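Summary of the model geometry
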Amino acid sequence: MSDEPTPQVPSRRAFLKVAGTVAATTVAASTAGVVACTPSDSKGTGEAPAATGGARGTGFDRRTLDALGEVLLPASLGSARQKGAVDAFVAWVDEYAPVAEEMHGYGYADIRYLPPDPAPGWRAQLEGLDLLARRSRQRPFAELDAEGRRAVVTAALAPFGSAAIPDALGAPHVALALLAHWTNSPDAWDLALGAKVARDTCRQLQGVERKPLPLAGGDA
Amino acid sequence: MTTVGGDIVIIGSGITAANMAAHLAEHTTRSIVVIEAGPASTPFAERTAARKRFLAYGENPWARDHLEDQNAFGVTYGFSPNMHVGGLAMHWGGVTPRYSPEDFITNSLYGIGTDWPYTYEDLDPFYQEAEERMGIAGEQGPPAMDPRGKPYPLPPIPVNYNLQQLQLWATQAGIASWSCPSAKATVPYQGRAQCQRCDTCYPVCPSGAKYSPDFTWDALVKSKRVTLVTGTLVRRLVADAKTGRIVRATGNRTDASGEEVTIEGQTFVLAAGFIWSPHLLLLSRDAAHPNGLANRSGLVGKYLAGHRNIGGQISLPLELYPGLNAQHSLVSKQFQRASYPGGKYLRHDLRLWESSVGRGARLRDDKGNLLLGDALLADWKQRAKGATARVRAYYDVLPHRESKFVLDDTRKNRWGDPMPLVTFKDAPESEALRPWQEEELRNLFRRMAKAGGGEVISLASNANDIGQEHPTGGCRAGNDPTTSVVDGWGRAHDHENLWVGGAPTQPSASCCNGTLTFVAVGLRTASAIAKSV
Ligand SMILES: Cc1cc2nc3c(=O)[nH]c(=O)nc-3n(C[C@H](O)[C@H](O)[C@H](O)COP(=O)(O)OP(=O)(O)OC[C@H]3O[C@@H](n4cnc5c(N)ncnc54)[C@H](O)[C@@H]3O)c2cc1C
Ligand code: SF4
């Protein structure tokens, strides 16, 4: 990456490359004529990437997921904001379009694609957390007290020794995915910085030279 | 088979072509037809949604921006297989510094490289025209470092709180810096909205504040001054064996029909970017031109140029708030205009950004303990304090004659045309200096860190190391037909009605972002075409 700051996007996974080596095989006998076009108006022929995503209903066990959110996310957020962060995560997973084309970077010329649907694996891990709680503590994960939940999560995350939180899409565990999704949000950054920066938000250019205001009403 | 045509045929619809077409539409009465291989991509109305999905998942906001079987291979740094209306500049960051006067005369000044067939002063009016057409916002730097004939058309992007802190630090380190010029409307301009700090200029601006070539095409198509033919790959230029004049171009529809298309015209302008322009010339070889068109010198596809960089992250005892307008930066051209009487050669730009590196949350503390909930937040708050600066210097790399591409018969498109296989190569003088140059840059960053009481977190050269950014070349300009492909105005030495616009004609690539210069060079060519038709 070179030209401009690295955008905050999931890292690229080149697991599926079909750069232009594949010769097209269907040269159909269409009579389509040469057309003049207006590139950027709403009648343009571009297909909105948004249209490729869709609510797939990934079917997480919300009770367990909410309980996991309570362990992972700061209690000082309050339960409504914790739940809001879990809602946002679920919506994000639901709207994911597996194997969509990645943004092209600077420095390579092959076309790269996003990962397949991570939801089934994450759903299984969530079930695994619950099973682990039932086996090791004889109760569903959601019914454990805070200490019990922490112990189960600590055991589940033991194989992941790195200090870095992975990109949400590439997270090898549902707990890491939820954590990554929240820590990458503008709200979480504001909390960490103690100021209203509102990263990724479109607003006025004016005022950008001022020091950001402290968070109203104190921080979490 | 379809036949299209006009008096002036422009091949390609990238940023260079768009601005050349606009100039020609205003300065001639000739009909203009533009042939673009790819389709139109994501319409303006859909860019907010596209941005959202880019932010959420890293999805490409540009639907159908490439052809599956048309790509270059080898080291293609700075090049993506991009074929749609507007070309690569639909994706660009919009950063638009000018080259410095030295770039045009390195041989006269330092005895290395090649002087361009025109000077910075000759290009200045076309720089200005490019800046006005694209609506460049900029701050005048110290004139000795940043000469220009007229003021920037738009006021600069304000230096945000973070950059103010970094500017003070740079001053302590003895470096003059200013707001980086950008093709971003700081006030409403030609129908474009004022910049709203959405901060996804690269890769997609939802507000239209960042200039993209489709805006120019929209206006030209609406005015009926230009016919834009999309989805049509030009595969051959056909030259008259005796006169060398281009008599027509031929190609095919890139949709499923693959239909043949003939393009007729009086004047042909190749504005297909640094790879595809020379590629088309090589593909168009015939009995009278066995090495390809415009290739008497044997230099078509050669002298591919670009620059490299050393970048770094520096931790500083300041208080920054990453995310204020992270895509904006400070620039310094102090080291672009350095003099080297009898010394070693190094010229580079310098850019400074806020950075969030090292300021993010983490899963485990230094002892490896898991951080959950409030413990994670408390740790993050500590880490978030302070400041990280991102620094980067593009440095000048002079190209080898054999910095080139060849037609690779093992990789062909659906019509059997061989694709380019690219190898960038430094000229011997650049290669010999490279270790010293890169260490000098690392030393500069170490000195800067020290001046601010900070520490270097990391220093690295760019990912592909050998790669060259903002690539140019392949049809170099010069006065001597035996050592260049086009003359100083971009006209092919061998074909009186064939012109090449922008990047491919540049003998070298300076040490800063190149696109403004590609457009300015293209406009200079357009002005010559307008006089000739
Ligand atoms: C992610 C990214 C960020 C960037 N940011 C910056 C930046 O901030 N500042 C900067 O200076 N530069 C930047 N660049 C580089 C910049 O985008 C390019 O230098 C510039 O767009 C090149 O323009 P061009 O007109 O020379 O060619 P292109 O954009 O390559 O346009 C050529 C057009 O010709 C068409 N074409 C090619 N061959 C044929 C054919 N045979 N028949 C028909 N059509 C054909 C192609 O489809 C294409 O549309 C960036 C690039 C990328 C990818
Ligand atoms: S900061 Fe936002 S509004 Fe301004 S040019 Fe960039 S993307 Fe467009």
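Note on numbering: residues in each chain are counted from 1, in written sequence order. Just so you know, chain letters begin at A and ligand numbers begin at 1, following the order they were written in. Side-chain atom pairs in this predicted model are given and counted only at pLDDT of 80 or more, local residue features only at pLDDT of at least 70, and totals for whole chains, interfaces and linings cover all residues. Only heavy atoms go into the side-chain values, all of them from the structure, while hydrogens and water stay out.

So, the overall build of chain A
The test is simple: Secondary structure is summarised from DSSP: a helix means a run of H or I of at least four residues, a strand means a run of E of at least two, and numbering begins at the N terminus for each. Think of it in three bands: with a 1.4 Å probe and only protein chains considered, a residue is buried below 20% of the maximum accessible area for its type, exposed above 50%, and partly exposed in between. In this analysis, two residues are considered to be in contact whenever any of their non-hydrogen atoms come within 4.5 Å of each other. Each accessible area is a Shrake-Rupley estimate made with a 1.4 Å probe; only the visible protein chains count as cover when residues are assessed.
In terms of regular secondary structure, chain A is built from 6 helices and 0 strands. Put simply, chain A runs from its N terminus to its C terminus through helices and strands in the order α-α-α-α-α-α. Looking at chain A as a whole, 47% of its 220 residues are labelled buried. Put simply, 58% of the contacts in chain A that link residues at least 6 apart link residues at least 24 apart. Of the roughly 10000 Å² that chain A leaves accessible, carbon and sulfur atoms contribute 55%.

With respect to the overall build of chain B
Test applied: Only C-alpha atoms enter the radius of gyration, while the globule expectation follows 2.2 Å times N to the 0.38, with N the number of residues. For the purpose of charge, His is not counted, nor are the chain termini; Lys and Arg are scored as positive and Asp and Glu as negative. By convention, the charge on Lys lies at NZ, on Arg at CZ, on Asp at CG and on Glu at CD.
The secondary structure content of chain B amounts to 10 helices and 19 strands. Taken against the 2.2 N^0.38 rule, which gives 24 Å for 533 residues, the C-alpha radius of gyration of chain B at 24 Å falls within 12% of a compact globule. Across its three principal axes, chain B shows a C-alpha extent of roughly 75 × 55 × 45 Å. In chain B, which comprises 533 residues, the share counted as buried stands at 68%. Sequence-distant contacts in chain B: of pairs separated by 6 or more residues, those separated by 24 or more amount to 73%. Of the roughly 16900 Å² of accessible surface on chain B, 52% is carried by carbon and sulfur atoms. Of note, chain B has its 56 positive side-chain charges centred 2 Å away from the centre of its 53 negative side-chain charges.

Section: the sheet that holds strand β19 (residues 498-500) of chain B
Backbone hydrogen bonds hold the strands of a sheet together, and the pairing may be parallel or antiparallel. Residue and element names in this part refer to chain B. Defined as follows: Paired strands are those between which DSSP finds at least two bridges. Axis definition: a line fitted to C-alpha atoms, limited for helices to the stretch in contact. Angles are taken between N-to-C directions and run from 0 to 180 degrees.
Taking strand neighbours across the sheet as the criterion, the 5 strands line up as β6-β3-β2-β10-β19 in an open arrangement whose pairing is parallel. Looking at the sheet topology across the chains shown, the edges are occupied by β6 (226-229) and β19. The average angle at which neighbouring strand axes cross in this sheet is 20°, direction not considered. Note: strand β2 (residues 8-11) against strand β3 (residues 32-35), 4 bridges, orientation parallel. Each bridged residue has a counterpart across the sheet, and for Val-9 the counterpart in β3 is Val-33.

Overview of the nonpolar core
As a reminder of what qualifies: Take the buried residues of types Ala, Val, Leu, Ile, Met, Phe, Trp, Tyr and Cys, join any two whose side-chain atoms come within 4.5 Å, and each joined set is a nonpolar core.
Within the largest apolar cluster, 98 residues are counted, with the highest numbers of intra-cluster contacts made by Ile-10, Met-134, Trp-217, Leu-237 and Leu-281 of chain B. Once you skip the residues sitting within four places of it in the chain, Met-134 of chain B turns out to touch Ile-15, Asn-19, Trp-92, Ala-183, Tyr-189, Arg-192, Tyr-211, Leu-516 and Val-519 of chain B. Membership of the second largest hydrophobic core comes to 63 residues, among which are Ala-168, Ala-188 and Leu-215 of chain A together with Leu-363 of chain B.

Here we look at the confidence of the model for chain B
Our working definition: Known as pLDDT, the predictor's per-residue confidence is scaled from 0 to 100.
For chain B, per-residue confidence averages 95 on the pLDDT scale, and 98% of positions sit at 70 or higher. Here the predicted complex scores 0.93 on pTM and 0.92 on ipTM.

A short note on helix α4 (residues 120-134) of chain B
Owing to its 3.6 residues per turn, the α-helix brings residues three or four apart onto one side. Residues and elements named next belong to chain B. This is how it is decided: Given a helix with a known number of residues, its expected span is that number minus one, times 1.5 Å. Bend is the name given here to the angle between axes fitted to two runs of seven residues, the run ending at a residue and the run starting at it.
Between its terminal C-alpha atoms α4 stretches 20 Å, which fits the 21 Å expected from 15 residues at 1.5 Å a residue. Residue Phe-126 marks the point of greatest curvature in α4, where the axis turns by about 25°. With respect to burial, α4 is a largely interior element, 11 of its 15 residues being buried. Tyr-120, Leu-123, Asp-124, Phe-126, Tyr-127, Gln-128, Glu-129, Ala-130, Glu-131, Arg-133 and Met-134 are the residues of α4 that are buried. Summarising the contacts, the buried residues of α4 are in contact with α1 (15-27) and α10 (515-532).

Side note on the state of the cysteines
Let me state the cut-off plainly: The disulfide criterion is simple: two cysteine sulfur atoms within 2.5 Å.
Enumeration over the complete set of coordinates arrives at 1 disulfide over all chains. A sulfur-sulfur distance of 2.3 Å marks the disulfide that ties Cys-202 of chain A to Cys-198 of chain B. Taking the sign of the torsion about the S-S bond as the criterion, the disulfide between Cys-202 of chain A and Cys-198 of chain B, at about 130°, is right-handed. Here Cys-198 of chain B lies in the loop between β5 (178-179) and α6 (213-222) and Cys-202 of chain A lies in the segment after α6 (186-193), a pairing that spans two chains.

Quick look at the confidence of the model for chain A
If pLDDT is low for a region, its predicted coordinates should not be looked at in detail. Residue and element names in this part refer to chain A. Here chain A averages 80 in pLDDT, and 73% of its residues register 70 or above. pLDDT under 50 marks residues 5-33. Its contacts with residues more than four places away, or in other chains, come to 76 contacts. Every residue in residues 42-54 scores below 50 in pLDDT, and together they form 34 contacts with partners more than four places removed in sequence or on other chains.

Regarding the pattern of salt bridges
To keep things clear, this is the line we draw: What counts as a salt bridge is simple: a side-chain nitrogen of Lys or Arg found within 4 Å of a carboxyl oxygen of Asp or Glu.
All told, the structure shown has 37 salt bridges over all chains when counted by the stated rule. The network of salt bridges with shared partners includes Arg-62, Asp-66, Lys-83 and Asp-87 of chain A.

What to know about the pairing of strand β9 (residues 260-264) of chain B
Residues and elements named next belong to chain B. In this structure, strand β1 (residues 2-5) lies alongside β9, joined through 4 bridges in parallel fashion. Opposite Thr-2, over in β9, you have Val-261 as the bridge partner. Here strand β8 (residues 246-253) folds back onto β9, and the loop between the two strands holds 6 residues, one of which, Gly-258, carries a positive phi near 60°.

What about helix α8 (residues 373-384) of chain B?
All names here are of chain B. Over its 12 residues, α8 runs 16 Å from end to end, which matches the ideal 16 Å to within 8%, given 1.5 Å per residue. Gly-373, Leu-376, Leu-377, Asp-379, Trp-380, Lys-381 and Ala-384 are the residues of α8 that are buried. Where α8 terminates, the next one or two residues include Gly-386, which has phi positive at roughly 95°.

Things to note about the pairing of β8 of chain B
Residue and element names in this part refer to chain B. Pairing of strand β7 (residues 232-239) with β8 involves 7 bridges; the strand directions are antiparallel. Bridging across to β8, Val-238 finds its partner in Arg-248. The turn joining β7 and β8, which pair antiparallel and follow one another in sequence, is formed by 6 residues; a positive phi near 80° is taken by Gly-244. For β8 and β9, the ladder comprises 5 bridges, and the chain directions are antiparallel. Across the sheet, Arg-248 pairs through a bridge with Glu-264, a residue of β9.

Some thoughts on the sheet that holds strand β15 (residues 404-412) of chain B
Residue and element names in this part refer to chain B. Ordered by their spatial adjacency, 3 strands build an open sheet running β4-β16-β15, and the pairing between neighbours is mixed. A strand with exactly one partner marks an edge of an open sheet, and here the two such strands are β4 (73-74) and β15. Bridge analysis of β4 against strand β16 (residues 418-423) gives 2 bridges, and the strand direction is parallel. Bridge pairing links Gly-74 to Val-422 in β16. Those strands touched by helix α7 (residues 273-283) are β15 and β16, and its axis lies near 125° from that of β16.

So, unusual backbone geometry
Glycine aside, negative phi is the norm for most residues, and most peptide bonds take the trans geometry. Residue and element names in this part refer to chain B. At the junction of Tyr-202 and Pro-203, the peptide bond is cis and its omega measures out at 25° in the coordinates. Unusually for a residue other than glycine, Arg-197 sits at a positive phi of about 60°. Overall, the relative accessible area of 9% leaves Arg-197 in the buried class. Non-glycine residue His-470 carries a positive phi angle of around 45°. Structurally, His-470 is set in strand β18 (residues 469-472). By relative accessible area, His-470 is classed as buried at 5%.

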